[in-house]
Amino acid sequence: MLGAKYVRSRVDWGDSREPLLNRVDISDRTLKWLFLLPSVAILAFLAIYPFIQGIWMSFHEWPLAADTRMWVGLGNYEALVESDRFLGSARATVIFTGVSVGLELIIGVALALYLRSLSSNWRPVFRTIFILPMVMTPIATGLMWRLLLNGQIGVVNWMIINFLGMSPPAWTSSPMVAMATVIMIDIWQWTPLIVMIVYAGLLSIPETMYEAARVDGAPRLAVFRHITLPQIKYMIGIAVVFRLMRSFRSFDIIWLVTNGGPGTATEILNIYLYRVAFVNLQGGQAAALGIILLVVTIAITMGIIRGLGMQ
Amino acid sequence: MTDNNRNRVSRRRVLQSLGVSAAVGLAGCGGSGGGSTSTQSDAGSGDSTGSGGSDSGLPSQSEAVEEWGQRINEHARQAGIDWEQFEGTSLIFGMNVHPFTSVTEPLLPYFEELTGISVTYNTFPEDQLWQKLTLDLNNESGVFDGMFLGLWPSARYHNAGWAKDLNQYITDSSLTDQDWLALDDWPDSALNAFTYGDGELLSMPFGVEAYGAVAYDVPSLEAVGMDAPSSYPELRDVAKAIHESDDVDRSGIASRASSTTLSSANWATVFKSYDAEWLDYEAQEATLHSDKGIASLEIFAEMMGDYGPSDIGNFDWYRSNQAMGNGDVGMALHTPSAIGPWTQEQIDRTEWLPPLPGPDGSQLASTWEWGLGISQFTENPGAAWLFMQWALSRPMMLLTNTQQWEGQAVYGPARSNWLFEQDEYQELGPKESWNEAHRQGMEMVPSDPPPVPLHTPQNMDIMTEAAIAMNNAVTDSKSASDALGDAASPITEYAKDIPGEYL
């Protein structure tokens, strides 16, 4: 449809100084697709084909260390859903994502409100401080925290022992504490994202609305509930969607700090996927796990988007 | 313990750590993410035996490389083969971040001078190396002509047909002078471990390790008035005494005990010495949750959980090595040939014992080997074989096992039948108890069945489950009985998948 022959046939080859595109007799609709074609082709090559291949793999027993490929239908999905390890990972994912994103949201909104309340002199200073953790790569963050929490040379333990006179917690050796540790690090790194998005939303609220509320004598909680919150609702939704999508795919920090341990206490689905793919070399089951992760992520984010009426 | 911790965590060390943490964080700012930043070195990948000190008067690296490059090539020219038969070839080897890599890499120009073959190392941290190799070999793309091979996953490589049988090159007189190669230098067990199927040799080891030897700090034992342990209950008692002593600022004992596969290695030695078995190979069922298996994990978990550092559940090889090398623990279950950068003071204070006997007197040790193999998909197998012979030659093994330049890392005596007799090794190598623990440890490695199911392609899967169970018990997340009971079911599933030819 859009071959070179077709384009040549539509070009006015007369002696014109007009730009080539103006001389081509192609509808806007066709032209739009013509411009999109390179990106679509690259996207298809890099994303769509592997995605379809992933779905195809998930219906096969596909060991990465052998040449055998065997159609198993939904067998990989059934095996996963019936396995305690998968259910444990799903539970860990729900806890990790739910608690970390929930706390990030509360702290992030609070910090954004605090940032907005500051004078214009202090705002840039605090904004910079708040944003610093977010600009670190997750791998650097994981390595840094691993050193900070190191039992022999870690600064955090040293401070707890010397300043608080307490025994430091088993940061990575107790299932509960290890989960709390990775959640704490995730909150440290990603709360700034929520701060920035919500802060941008806060800046867009007209000052006149607050002035009217003040004139009516509305208490601060009511102002927050009836003016601020509705006005930043969509921004909060966007922030939560971003964080949920990222949190489901968390890997670096957990891998570096706890390795998914102790046992499998912090083995969220993405860590489990890595182990299935690169330790067990079970390509089919890893693909099935990836598809499940994708579907769950899309379902939850779409639910939030619909729930907030953001379509 | 609080007092112990207070003393152990010095301000200087904390400040160092704070500086490094900040540097790591700042270095990561604005980066693109990803990259080869993992510092975890899980398998038997040691850094250095630490023989020799920083003020030892050793030459600089460039001086030593020149001397050893010439020495290795002089030795190579004594082989009755044409080293230049593949002149102009270029090779890529997939390598681990490891002392063998860092020591041999500066010498590569001498190999090119000898053969006209250029060799490039593509070096990755261990977990990334396995990924790269898996993808390359699975795609049959042949990017890597040769690669690091570790013992535990190598049956998988054999089953997948990813590595060439080296016998075809050893028996080819145009490629190998067998007298010069001197296969007798390697203990039979070292080569047998890498032999699969119909006598196919997948890899030539440059480092062998016995797991579960005991390193102990002599002054700590003297301070608590106890002798070196001769059984696991005694080891536990000494660990307890050190841990609870007011006179010793150290935790009792350490070992790798994290949930990663190779962290099961030292416990595997305890497990085997308790006469426990991982599998019933005939029935293809897990048996690790037997009474003997549970007893082995109970005592290991008690030692590490109760008398180890507070974050023992996160100890991989690197952390365990660091704890002993820095003087933070009184003892360590460790592998002599893979100790890392210890302080000279700690090296002097440490004595070694071979793996201890179990309740019925069995002394069996788990093992690891690092070697080089040739990719099935390379177009240059002959050139790769020439490189392997050169890189594993006698003088090269002497170099990689003795510190010859300032800051040189040292690793693993694979050609031990020859190496241990060399004056240079005896003079510059590690202390006698180290050698003895290594030698006796290697003699304790069983071959039929091997200490872990390393003759099966499912070994990594099985030992990953075992490692998770061990980690659960050490961190008190589950009892030893429950942890092993829970691991039995997935291990049986993996055991059912073992192809008949490997049973």
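Look above for the structure.
These numbers come from a predicted model, not from an experiment.

### Remarks on the overall build of chain B
Helix and strand content of chain B: 23 helices and 13 strands. The burial tally for chain B puts 63% of its 503 residues in the buried class. Expressed as a percentage of contacts within chain B between residues at least 6 apart in sequence, the contacts between residues at least 24 apart total 79%. With an accessible surface of roughly 17500 Å², chain B has 43% of that area assigned to carbon and sulfur atoms.

### Some details on the overall build of chain A
Scanning chain A for helices and strands turns up 14 helices and 2 strands. Relative to its length of 311 residues, chain A is extended, with a C-alpha radius of gyration of 26 Å against a globular reference of 19 Å. Seen through its C-alpha atoms, chain A measures out along the principal axes to roughly 85 × 70 × 35 Å. Counting the 311 residues in chain A, one finds 45% classified as buried. The contacts in chain A between residues at least 6 apart in sequence include a share of 64% that link residues at least 24 apart.

### Quick notes on the pattern of salt bridges
Residue and element names in this part refer to chain B. Evaluation of the coordinates by the stated rule reveals 23 salt bridges over all chains. For the salt bridge of R71 with E424, the shortest nitrogen-to-oxygen distance reads 2.6 Å. Taken as a pair, R71 in helix α3 (residues 61–76) and E424 in helix α20 (residues 423–428) lie far apart in primary sequence, 353 residues in all. For D461, the salt bridge is made with R156, and the minimal N-O distance between the two is 3.1 Å. Of this pair, D461 sits in helix α22 (residues 459–474) while R156 sits in helix α7 (residues 154–160); the two residues are 305 residues apart in sequence, bridging distant segments of the chain.

### Looking at the packing of helix α7 (residues 138–148) of chain A against helix α9 (residues 175–203) of chain A
Residue and element names in this part refer to chain A. Across the interface, α7 lies against α9 with an axial gap of 11 Å and an inter-helix angle of 130°. Classified by the interaxial angle, the pair formed by α7 and α9 is oblique. Judged by the sense of rotation from one axis to the other, the crossing of α7 with α9 is right-handed. Along the contact surface, α7 presents P138, T141, M144 and W145, while α9 presents M184, I185, W188 and Q189. Taken together, the residues of the contact of α7 with α9 sort by class into 6 nonpolar, 2 polar and no charged.

### Details of the packing of aromatic side chains
By the definition in use, this model includes 36 aromatic pairs over all chains. Plain terms: the ring middles of Y274 of chain A and F278 of chain A are 5.5 Å apart, the flat faces sit at 40° to each other, and that makes the pair tilted. One end of the pair is Y274 of chain A and the other is F278 of chain A, both in helix α13 (residues 269–278) and 4 residues apart, which spans about a single turn. Where W267 of chain B meets W278 of chain B, the ring centres are 5.3 Å apart and the plane angle is 90°; that geometry is what we call edge-to-face. One end of the pair, W267 of chain B, is in helix α13 (residues 265–273); the other, W278 of chain B, is in the loop between α13 and β9 (279–280), and 11 residues separate them in sequence. Members of the aromatic cluster, connected to one another through ring pairs, are F100, W130, F148, W152, F206, Y211, W368, W370 and Y411 of chain B. Sitting over the ring of W68 of chain B, R71 of chain B keeps its end group 4.2 Å from the ring centre.

### Notes on the nonpolar core
Of all hydrophobic cores here, the largest spans 160 residues; its most connected members are W152, L372, F387 and W390 of chain B. With residues near it in sequence (within four places) discarded, F387 of chain B still touches L91, F93, L108, F111, V119, Y121 and L372 of chain B. Among the nonpolar cores identified, the runner-up in size contains 24 residues, and V109, I197, V223 and V240 of chain A belong to it.

### Overview of the environment of P206 of chain A
Residue and element names in this part refer to chain A. Relative to the helices and strands, P206 is located in the loop between α9 and α10 (207–215). The class of P206 is partly exposed, set by a relative accessible area of 37%. Residues P206 and Q231 lie 25 residues apart in sequence; the distance between their C-alpha atoms is 9.6 Å.

### Section: helix α17 (residues 381–391) of chain B
Where burial is concerned, most of α17 of chain B is hidden: 11 out of the 11 residues are buried. For α17 of chain B, the complete set of buried residues consists of P381, G382, A383, A384, W385, L386, F387, M388, Q389, W390 and A391 of chain B.

### Considering the pairing of strand β7 (residues 213–217) of chain B
Residue and element names in this part refer to chain B. Most of β7 sits out of view: 5 of its 5 residues are buried. Bridge count for β7 against strand β11 (residues 329–334) is 4 bridges, and the pairing is antiparallel. In the strand pairing of β11, A215 is matched with A332. Here β7 pairs with strand β12 (residues 350–353) via 4 bridges, running antiparallel. Looking at the pairing, Y216 lines up with E351 of β12.

### A look at the packing of helix α5 (residues 84–117) of chain A against α13 of chain A
Residues and elements named next belong to chain A. Packing of α5 against α13 leaves a shortest axis separation of 8 Å and a crossing angle of 145°. Each of R85, F86, S89, A90 and T93 in α5 lies in contact with α13, whose residues at this interface are L269, Y272 and R275. Looking at the contact of α5 with α13 residue by residue, the classes come out as 4 nonpolar, 2 polar and 2 charged.

Cut-offs used in this document
Residues numbered from 1 in each chain as written. Chains lettered and ligands numbered in written order. Predicted model: local features only at pLDDT ≥ 70, side-chain atom pairs only at ≥ 80, totals over all residues. Heavy atoms only, no water. Helix = DSSP H or I, 4+ residues; strand = E, 2+ residues; numbered from the N terminus. Buried < 20%, exposed > 50% of the residue type's maximum accessible area, 1.4 Å probe, protein only. Contact = heavy atoms within 4.5 Å. Areas by Shrake-Rupley, 256 points an atom, 1.4 Å probe, with all protein chains shown as cover. Rg over C-alpha atoms; globule rule 2.2 N^0.38 Å. Salt bridge = Lys/Arg side-chain N within 4 Å of Asp/Glu carboxyl O. Axes fitted to C-alpha atoms, helices over the stretch in contact; angles between N-to-C directions. Parallel < 35°, antiparallel > 145°, perpendicular 65-115°, else oblique. Left-handed = near helix turned anticlockwise from the far one by under 90°. Nonpolar A, V, L, I, M, F, W, Y, C, P; charged D, E, K, R; others polar. Phe/Tyr/Trp six-rings, centres within 6.5 Å; stacked < 30°, edge-to-face > 60°. Lys NZ or Arg CZ within 6 Å of the ring centre and 35° of its normal. Core = buried A, V, L, I, M, F, W, Y, C linked by side-chain atoms within 4.5 Å. Pairing = 2+ DSSP bridges.

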